Amino acid sequence: MEPSPVLRAVLLSRIARHPDLRQRVTVLAEDALSFELPRRLGGVLAMNMIGHLKPDGRRTFLRRVAERLAPGAPLVLNLQPPAEPTPVPFTVFGEVQVGRHTYERGGSAEPSGPTAVTWRMRYRVRDADGTVLREDRANYHWHVVTPEILLAEMADAGLAGKVGALDVVRATRRPPANSHSG
């Protein structure tokens, strides 16, 4: 699911390069809270999106996924800094050269409430001599969450999660409390 037409196009172009994925992956113009999930999920990859959800929406998302994850199937998502509403100075996040042009992406963030920041993104295209050919800007609201809060919300939803390298979180359904082996 990708509600942004631009990001959906990028995602589809990446999937198109892999014949095995083209046969198995469907990309829908939906958001994570309104889409009717299938009865059983073999896994969920939710990268760079959890902060787009308000705290109540985040808990709803986790609960919906937990109810449908197959036993042992993972939910994988990431925590995007900052974890608290603090200023983030402008930083270039990445750039890539394609032919004579260099495509650059960067941004900064400012607190915009007790649990949120507003990201101010800048996208530039520069010519080989450094001349800026195009510059676009976008602002978006991001709901910050600490690892501890996210793991507690996962536990409340019935998930057991762990934060790993690069703030990637992997979670699976917790076995029912009354289950036992033997």
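Look above for the structure.
Quick look at the structure, then. (Residues numbered from 1 in each chain as written. Predicted model: local features only at pLDDT ≥ 70, side-chain atom pairs only at ≥ 80, totals over all residues. Heavy atoms only, no water.)

**A few points about helix α4 (residues 147-157)**
Reasoning step 1: Among the residues of α4, L150, E153, M154 and A157 are the ones counted as buried. The buried residues of α4 occupy one face: seen down the axis, they fall within an arc of 100°. Facing away from the buried surface of α4 by more than 90 degrees, the exposed residues are E148 and D156.
Reasoning step 2: A positive phi of about 95° marks G158, the residue just after α4. (Buried < 20%, exposed > 50% of the residue type's maximum accessible area, 1.4 Å probe, protein only. Helix = DSSP H or I, 4+ residues; strand = E, 2+ residues; numbered from the N terminus. Arc of directions from axis to C-beta.)

**Some points on the packing of aromatic side chains**
The relation between two aromatic rings is expressed through the spacing of the ring centres and the mutual angle of the planes.
Reasoning step 1: Counted according to the given criterion, the structure contains 2 aromatic pairs.
Reasoning step 2: Taken together, a centroid distance of 6.0 Å and an interplanar angle of 70° make the contact between F93 and W119 edge-to-face. Taken together, the residues span a long stretch of sequence, with F93 in strand β3 (residues 88-98) and W119 in strand β5 (residues 116-126) at a distance of 26 residues.
Reasoning step 3: Residue classification places F93 among the partly exposed residues on the basis of a relative accessible area of 36%. (Phe/Tyr/Trp six-rings, centres within 6.5 Å; stacked < 30°, edge-to-face > 60°.)

**Let's talk about the pairing of strand β8 (residues 168-173)**
Reasoning step 1: Pairing of strand β2 (residues 75-78) with β8 involves 4 bridges; the strand directions are antiparallel. Its bridge partner being in β8, V76 is matched across the sheet by R170.
Reasoning step 2: With 5 bridges joining them, strand β7 (residues 159-163) and β8 adopt antiparallel strand pairing. Paired with V163 across the bridge in β8 is V169.
Reasoning step 3: Between β7 and the antiparallel strand that follows it, β8, lie 4 residues; L166 among them carries a positive phi value of about 60°. (Pairing = 2+ DSSP bridges.)

**Some points on the pairing of strand β4 (residues 101-111)**
Reasoning step 1: Here β3 runs beside β4; their pairing, made up of 8 bridges, is antiparallel. Opposite T91, over in β4, you have G107 as the bridge partner.
Reasoning step 2: Taking the residues that link successive antiparallel strands as the turn, the β3-β4 hairpin has 2 residues, and the phi of G99 there is positive, at about 65°.
Reasoning step 3: Both β4 and β5 contribute to a ladder of 10 bridges, which runs antiparallel.

**Considering the sheet that holds β3**
Reasoning step 1: An order of β3-β4-β5-β6 is seen for the 4 strands of this open sheet, with the pairing classed as antiparallel. The open sheet has two free edges, formed respectively by β3 and β6 (132-143), since each of these has just one partner strand. Each neighbouring strand pair of the sheet contributes to a mean axis angle of 15°, computed without reference to strand direction. (Axes fitted to C-alpha atoms, helices over the stretch in contact; angles between N-to-C directions.)

**Concerning the sheet that holds β7**
Reasoning step 1: Spatially, 4 strands are ordered β1-β2-β8-β7 in an open sheet, and the strand pairing comes out mixed. Strand pairing shows two members of the sheet lacking a second neighbour, β1 (44-46) and β7, which therefore form its edges. Across the sheet, the mean angle separating the axes of adjacent strands is 15° when strand polarity is ignored.
Reasoning step 2: Sheet strands touched by helix α3 (residues 55-68): β1, β2, β7 and β8. Its angle to β2, the strand with the most contacts, is close to 155°.
Reasoning step 3: Contacting β2, β7 and β8, α4 runs over the sheet at an angle of about 160° to β7. (Contact = heavy atoms within 4.5 Å.)

**Quick word on the environment of T60**
Reasoning step 1: Considering the arrangement of structural elements, one finds T60 in helix α3.
Reasoning step 2: Considered as a pair, T60 and A32 are 28 residues apart in the sequence and their alpha carbons are 9.6 Å apart.

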